[in-house]
Structures are given as C-alpha cells and as structure tokens.
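# A closer look at the structure
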Amino acid sequence: VRIRRAVKDTFAGYLFLLPALVIFAVFVAEPLIASFYYSFTRYDIINPAQFIGLDNFRQFMQDERLRLIYWNTLKFVVILVPLHMTVGLLLAFAVHSVVSLKWKYVYRTVIYFPVLVTTAAVAVAWQYLYDTSFGVMNYLLSLFGLQPIPWLNDPYWVYMAVVIFSLWKFVGNPFLYYFIGLQNIPQHLYEAAQIDGANRLQSFFRITLPLMTPTIFFVLVITLIGAIQIFDEPYLITGGGPGDASRTINLYIYEIAFQKHAMGYACTVALSLFVVILSLTILQFRLGNKWVIYDRE
Amino acid sequence: MRKGIALLLAVVMVFSLLGCGKNSSDSSSDNPEKVELTLAYPGNDSKREDLEKFLKKFEEKYPHIKVKLLFVPNNGWADYFNKLETMAAGGKAPDVIRVAIEGIQMFVKRGMALPLDEYMATNPDAIEQIDDIHPKLQAPAVIDGKTYGFAWDWNNVVIHFNTDLLKKAGLPLPPKDWTLDDFLRYARAMTTEEGGKKTYGFAIPNYYFGASAWLFNNEASVLNEDMTESRLDDPNAIEVIQLFHDLIYKYEVSPVPSPNTDSITQLMNGQVGMIAAGRWPFGSYEKNNFTSVDVQFLPVLKTQQVIFGFGIFAAMKATKHPKEAYLLSAFLSSADSQRELLHQDSIPARKSVMAEVLPNTPASNWKVFEESVELAKPVESPADYAGVSEIFDRYMSSVLSNQMDAATAMQKAKAEIDSLLAKSQYK
C-alpha cells in the first residue's frame, strides 16, 4: 500500500510539473536542439536545410568582425551590470527610507514608469535627443558654452548614449526587486537589534545586507544575462554603428539570420553565446554559494 | 446541462458543414467559392484609408474575393522583406505583396514569387492596357522571360530644395546641368546660423538608393554590370564617398547623419536646404501643408545618369488562390489605382497617369520626374540585396562618422560584398 501510494504521489508530482515541462520543451529545449542541428547546415528559412559539416564553425573561427563584436558586448556587460545593480540598490534604499506612504508611492511609480513604456517608441524620442546637429542634449550643453557631443557618431560616445538610455529605461527592474526584497525583511529583526543596542550601520551590515543577498544574487544573474543579450538599445538607438562600434553579439546574430539569410551560421554564433552564458551562470552559482545567505531563521 | 450544450454545438456544426458542402457544389459555375486574400503593404497604416477605399472597387468587381490589408512596419525595404520572409517561413505568407525592385530578385530566386504568365494567358482582360505601363519600368519585372507583376510606381533621385531658404540665400533654382561647384556654392549659401538656429545646406543621402544615385552620376556603382562583384574600390566611387565626408568635415555644409535621420522633416523644418530623394516625400509635404519646395536633377559630376527603382504587386507562390492573387495584382496596376493611390507619392508607372498626376506636384519643376524615365538606369538589386545594402550602409556610417577614410572603407566594403556574393545561394 505504501509503495502504491508513493507511485501515485510521484505521478501526481510529475503531473504538476507537466505544464512547465511542456513549455520548457517547446520554447527552450526544442529550439536549442534545433539550433545545434542547424549550425551544421546551410539554411535560409524558406528552402530545406543542407548539411555542410563544420563549414559554419570554420567560418566562425575566421570571422574578423566577431572579435570586435564580442569585445563590444563585454564592454556593455562591464559597464551596465555594476551600474544597474548599484543604482537600482541605491534607489531602492532611498525610496524604502521615505516615511511618507504617498511619496513612497510617487517615487516608486516614477522610477518604474520607463520600464512600462514601449522601448521602440521612447528610443525614437531618444534618438532625436541625441542628434549631433539638432538634438536637445547638445542644445542644453551649448547653453553652458560646451561643444556638441557626437552621441551617435563616435565609438566612445555611442556607449555613453546607450548606457544613459539603458539606465533610464531599465533601472526600474533591479530597483523593484531590491525594493520588494527590502520590504520582506522582517521588522522584528531590526527591533531586536535595536534592543541589543545595534546602531543603524550595524543593522545594515548585520541584517539588511545579509538578508538581501538572495535578491542581489538574483538581480546579478538576470542583469548579467540581460546585458550579454543586449539588443533593443543598440538596435533602436545606434543601429550598431558607427560601423560596428556598438554592434553587440545579438545584433550580429540578427543581422546574419535575417539580413543575410544565413540561419545556419547564425545558429553557430548563437551557440557560442549559449556556451558563454551557460559558463558564466554556472560560475555565478558556484561563487554564489559562498556569499548568498538563504537561511533566514 | 453540459452534455446538452455539447449536443447542440455538434448539431449546429453538422448543419453548418452541410451548408458549406451545398454551397461549394452549387458554386462551381457562376457563383465561385468565396476567397480571402491578404495584401501586404509596407509602413504604418497611413495609406489605409486610401487603400481600403480603392479595394472596395476590387471587391465590387469580384464579389467572391475579399481583401484583408496587412501593414508591415519596417525601417527600410530590406527589413520589410525580412518580415515577409519570416511570415512565409511560418506558413503565413500573404497572398499578394507590394515589393520594390530591391526585393524582386530575392523573392524570385528563392522561389517565393509566382510567375503570372499562365494566368495572364487565360485572363488577359484583367490587366488594363499593359502597353500604357512604361516599358523601361516594366522590363525588370520580367525575369528569365516570366512576368512577376506589373510596374505600379517608380522613383528617381533628385534634389529637393526648401525654396524659402533658396530665396533667403538669393539663389534661383539651378539649371538642369548645374555642376558640383554650383552645388557647393548653393550648399554654402544655405548654411547659416541665426540666433542659435543652425541651418545646413544639404542632408547627405546615407541610404543605398540615394547614395547609388550619386555614384551613378560619377560613372561609378556599388556593383558591376552582372551584379557578381562590387565596384566600390573604383576611384570614382571613392571620390563620391569622399565628397560626402568632405561636405560634413571640410566644407561643413552637412549635418552628421544619425542612424535614422529623417531628412524630409529636416527639409520641412528648415534645418537643411537641400535633400536627395525621389517623389516619395510629397506625401509628407502634403500632410504638413509644406509647399515651399522645388526639385532639380542631381548636379552633373562625371555624367548625369539618373537612377530608378520601381514597385510591383507580386503574388506569392505559397498562395492557395493564385488565380485571385493574379486578379488583385492586375487590378492594382490599373490607371485608377495609380491615380488614386499615387497622387502625392511615388511616380505612377503608367504614361497616361504620369502625365495627369505629375503637374499637380507642388514643385514648379515637376517635369524632372517625367523626363528622367528615358535616361534612368535601375538601382542594383541582386538577390542578396539585404546583405549588400547592410555592408554598404555600415561602411558609409564609418566614413560619415569620421571613423574611417573613404578609400579604406570602400575597399573593405568591396571585399565583404565580394565574399557575400561569391557564397551566394542564388547564383
């Protein structure tokens, strides 16, 4: 009887898992396997794929643009991840410490609002702001007697343009996660600390920060993956230019797949990105075990 | 209760199926089966009203066909074609698509376009007076002896002037044979700064079609005659790209173009005095009540070789209703269609409509649109157009942002284009 019950429970367990498994199989596993398969083929979406062995991998090794493009992506990661993480955290602390409920609500909305707006629509506006000759940014600079900045026409400034936009548009996400994380810290811990004579700084380092580590870790993982896969911001604002100066790996995959109709090679490049993200995520989880505190009680 | 509803549904379905069967068996002779076609048109739906009004006439003529309009937002022809292609790959290909010369080869060589000859032979009356369509424009719609559509609209590239700025600079409209020196004189005269408001002489055409027009005028081109190799390393080509660079950094008469610069708006706002475009901006001019505009041929460089691009309504091979798709393609090529849909847009491809519509263009020198058809040469549009134009645009942006000199950029662009064409699947 006990065994039959165990079988029944296991069955029920799998049944509960089924919806998630089906979604995973259709939207993650199948495309992954398909990409692996297509990376050995020449495929233009319309006509049947032809097997071409390792040709795509050979092309991958010889692709001169790839090095610069991976380098660009790395630069975005190195700039954007710490920036989003710290600015998001600071904003969350600031808003969390606001006492008035009304103002808390207002700040929260203002910071999160850009996330809700369609990226494509605001990107058009930002493009106008950034225009070298007629843009608002340079007009404002000129009021202070400063020279115009070639926001979208210079390999250095183009990063600043994307970073400023990205921060404005997406910092609401880490902010919100941190904000919720902060609210979930039980108030009684602070009260107990206060009774024990802890000051604010001690409470912060002994209570807030340790209990926030799971949130920080979560934000780190998703921000990092988001930054490696960055697409919208350069696609909409810089078009990857000037030249290849702000082209990221995802923009490049899109270009190969949909402009050059080389789906096979695009899959090869995408696989390389998959390997990079997978290794980084494994590394993060390994390192994460050392500093993330899950146990609250 | 639930069983009752299920039973009721089943009964309804069975009867509706019976109804269908009866309909289609009856209809074979004089009451043909109802058909729905999807027509893909690029852009947001600014043309929706006009198109819907016109398609009503089609549905009146062929009551059994209903046309569903599908507007495809895009940033350029290549992007539009990519989206259609992705729809086709997903099994959702539209039945009829508006397609420009830039995409015709691609759709034909990849086996996505339907040759219409068979349907033209069985139903020749569906096309109105085919010899009214300018033969020069119709020619590229016929590939390997097969017709894929009927030239509907076309464009060349001319200089558009903001006439208020011309007047302010004390300059008349230049003559047809104006030279590069004249052009620079005009650009300099219109470049001004007043009270913090900067006006530039000329917006550089940083797009494939516009830049190709300038290359043609300097006896250069992106590709060779049979479109198998690039000619961008030719000194004449480098000279043109260098000129674009100089207009920004040496003569300082042009703004640095941003990735999606809208030069039409810049001309209307008085931010630039001249732009290079076809007749397509006139729709925006009309919408904004902008009438201070005139046009002239591009300045003579080594020659004066006008460029043209044109569009057709092609039927897709994947359509389940090829006969009806042909009828729609033919109907859309009619004089009425061009008259109603192209009154302030591209140039109509029918000689009769051209003569009728062009004089209504607010530009006094509208004749340049009509005259140039005889001189015009088609823009180079290989099956790999999307890839070629991407490479060209990328290197142009490097030059115009002062990141690379014209010669190096064009040599690199040539190498990349050559390698793309050598590996082409469409040879």
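A tally of helices and strands in chain A yields 13 helices and two strands. Here the C-alpha atoms of chain A give a radius of gyration of 24 Å, more than 25% beyond the 19 Å that 2.2 N^0.38 yields for 297 residues. Seen through its principal axes, chain A has C-alpha atoms that stretch 85 × 70 × 30 Å. Sorting the 297 residues of chain A into buried and exposed places 41% on the buried side. Accessible surface for chain A amounts to roughly 17,300 Å². Of this, 69% is attributable to carbon and sulfur atoms. With 20 positive and 16 negative side-chain charges, chain A shows a spacing of 9 Å between the two charge centroids.

What follows concerns the interface of chain B and chain A. Taken together, the contacts link 37 residues of chain B with 31 residues of chain A. A salt bridge links R65 of chain A to E416 of chain B; the nearest nitrogen and oxygen atoms lie 4.0 Å apart. Our count for the chain B to chain A interface comes out at twelve residue pairs in polar contact (both at pLDDT 80 or more). Those elements that place two or more of their residues in the side of chain B that touches chain A are α3 (77-89), β9 (197-203), α17 (385-400) and α18 (406-422) of chain B. Looking at which element gives the most residues to the side of chain B that touches chain A, the answer is α17 of chain B, with seven residues. Looking at the side of chain B that touches chain A residue by residue, the classes come out as 13 nonpolar, 15 polar and nine charged.

Residue and element names in this part refer to chain A. On the surface, F11, Y14, L15, L17, L18, L21, V22, I23, F24, V26, F27 and V28 cluster together into a nonpolar patch covering about 1,200 Å² of accessible area. By secondary structure assignment, the location of V22 is in helix α1 (residues 2-38). On the accessibility criterion, V22 (44% relative accessible area) is partly exposed.

Before going further, it helps to spend a moment on the packing of helix α9 (residues 208-217) of chain B against helix α10 (residues 235-249) of chain B. Residues and elements named next belong to chain B. As a packed pair, α9 and α10 sit with axes 9 Å apart at the nearest point and diverge in direction by 125°. With respect to their mutual orientation, α9 and α10 come out oblique. The interaxial crossing formed by α9 with α10 has right-handed handedness. Of the residues in α10, those in contact with A211, W214 and L215 of α9 are A237, V240, I241, L243 and F244. Looking at the contact of α9 with α10, its residues break down into eight nonpolar, no polar and no charged.

The next thing to look at is helix α13 (residues 322-332) of chain B. Counting buried positions over the eleven residues of α13 of chain B gives nine, a clear majority of the element. All of the buried residues in α13 of chain B are E324, A325, Y326, L327, L328, S329, A330, F331 and L332 of chain B.

Let us look at the pattern of salt bridges. Pairs can form between side chains of opposite charge once their charged atoms are near each other. One pass over the structure, following the stated rule, counts 28 salt bridges over all chains. Between D132 of chain B and R350 of chain B there is a salt bridge, and its shortest N-O distance comes to 3.5 Å. Taken as a pair, D132 of chain B in the loop between α5 (117-122) and α6 (135-138) and R350 of chain B in the loop between β13 (347-348) and α15 (351-357) lie far apart in primary sequence, 218 residues in all. R350 of chain B matches D132 of chain B in its accessibility class, with the two residues each being buried. Note that D418 of chain B is salt-bridged to K414 of chain B, the shortest N-O span being 2.7 Å. Remark: K414 of chain B and D418 of chain B occur in helix α18; sequence separation between them is four residues, near one turn of the helix. Note on K414 of chain B: relative accessible area 16%, which makes it buried. A cluster of three or more residues bridged by salt bridges with shared partners is formed by R65, D244, R247, E255 and K260 of chain A together with E390, R394 and E416 of chain B.

All names here are of chain A. Where helix α4 (residues 101-116) contacts helix α8 (residues 172-183), the two axes come as close as 8 Å, and the packing angle between them is 140°. With respect to each other, α4 and α8 are oriented oblique. In this structure, α4 contributes K104, R108, I111, Y112 and V115 to the contact, and α8 contributes G172, N173, F175, L176 and F179.

To continue, consider unusual backbone geometry. For the bond from G241 of chain A to P242 of chain A, the omega torsion is -5°, close enough to zero to count as cis. Its identity is not glycine, yet D144 of chain B carries a phi of approximately 50°, on the positive side. In this fold, D144 of chain B is placed in the loop between β4 (142-143) and β5 (146-147). Residues other than glycine seldom take positive phi values, yet M227 of chain B does so here, at roughly 55°. Within the secondary structure, M227 of chain B sits in the loop between α9 and α10.

Quick look at the confidence of the model for chain B now. Low-confidence regions, as indicated by low pLDDT, have predicted coordinates that should not be scrutinised in detail. All names here are of chain B. Confidence along chain B averages 90 in pLDDT terms, with 93% of residues attaining 70 or more. Every residue in residues 5-29 scores below 50 in pLDDT, and together they form two contacts with partners more than four places removed in sequence or on other chains. Predicted as a complex, the structure gets a pTM of 0.86 and an ipTM equal to 0.83.

In a beta sheet, neighbouring strands pair by backbone hydrogen bonds and run either parallel or antiparallel. Residues and elements named next belong to chain B. Taking strand neighbours across the sheet as the criterion, the five strands line up as β8-β9-β10-β7-β11 in an open arrangement whose pairing is mixed. Each of the sheet's edge strands pairs with one partner strand only, and the pair in question is β8 (192-194) and β11 (293-296). Neighbouring strand axes in the sheet, compared pairwise and without regard to direction, differ in orientation by 25° on average. Where strand β7 (residues 158-162) and β11 come together, four bridges link them in antiparallel fashion. Each bridged residue has a counterpart across the sheet, and for H160 the counterpart in β11 is V295.

Our next topic: the nonpolar core. Residues and elements named next belong to chain B. Counting 143 residues, the largest nonpolar core has F107, I159, W214, F244, M274 and Y326 as the members making the most contacts within it. Element by element, the count of residues in this core is highest for α17, at nine residues. Among residues more than four places away in sequence, those in contact with W214 are I159, F183, F202, P205, V240, L243, F244, A276, L298, P299 and L301.

Let's shift gears to the side chain of H245 of chain B. Residues and elements named next belong to chain B. Counting through the fold element by element, H245 comes out in helix α10. Under the relative-accessibility criterion, H245 is labelled buried at 14%. Apart from the residues within four sequence positions on either side, H245 is in contact with K250, V399, L400 and N402.

Residues and elements named next belong to chain B. Within α9, ten of the ten residues are buried, which leaves the element mostly enclosed by the surrounding structure. By the burial criterion, the buried members of α9 are Y208, F209, G210, A211, S212, A213, W214, L215, F216 and N217. Phi turns positive, to about 55°, at E219, one or two residues after α9.

With that settled, the discussion passes to the side chain of D384 of chain B. Residues and elements named next belong to chain B. As for its placement among the helices and strands, D384 is situated in the loop between β14 (377-378) and α17. Among buried Asp, Glu, Lys and Arg side chains, D384 stands out as unpaired, with R110 the closest opposite charge at 7.9 Å. Within the local environment of D384, its side chain forms a polar contact with the side chain of S424, the two groups lying 2.6 Å apart. Discounting chain neighbours no more than four positions away, the residues touching D384 are L420, L421, S424 and Y426.

Thresholds applied
- Residues numbered from 1 in each chain as written.
- Chains lettered and ligands numbered in written order.
- Predicted model: local features only at pLDDT ≥ 70, side-chain atom pairs only at ≥ 80, totals over all residues.
- Heavy atoms only, no water.
- Helix = DSSP H or I, 4+ residues; strand = E, 2+ residues; numbered from the N terminus.
- Rg over C-alpha atoms; globule rule 2.2 N^0.38 Å.
- Buried < 20%, exposed > 50% of the residue type's maximum accessible area, 1.4 Å probe, protein only.
- Areas by Shrake-Rupley, 256 points an atom, 1.4 Å probe, with all protein chains shown as cover.
- Lys, Arg positive; Asp, Glu negative; His and termini not counted.
- Charge placed at Lys NZ, Arg CZ, Asp CG, Glu CD.
- Contact = heavy atoms within 4.5 Å.
- Salt bridge = Lys/Arg side-chain N within 4 Å of Asp/Glu carboxyl O.
- Polar contact = N/O pair within 3.5 Å; in protein donor to acceptor, adjacent residues only side chain to side chain.
- Nonpolar A, V, L, I, M, F, W, Y, C, P; charged D, E, K, R; others polar.
- Patch = residues over 30% accessible without salt bridge, like charges linked within 9 Å, V, L, I, M, F, W, Y side chains within 5 Å.
- Axes fitted to C-alpha atoms, helices over the stretch in contact; angles between N-to-C directions.
- Parallel < 35°, antiparallel > 145°, perpendicular 65-115°, else oblique.
- Left-handed = near helix turned anticlockwise from the far one by under 90°.
- pLDDT = per-residue confidence, 0-100.
- Pairing = 2+ DSSP bridges.
- Core = buried A, V, L, I, M, F, W, Y, C linked by side-chain atoms within 4.5 Å.

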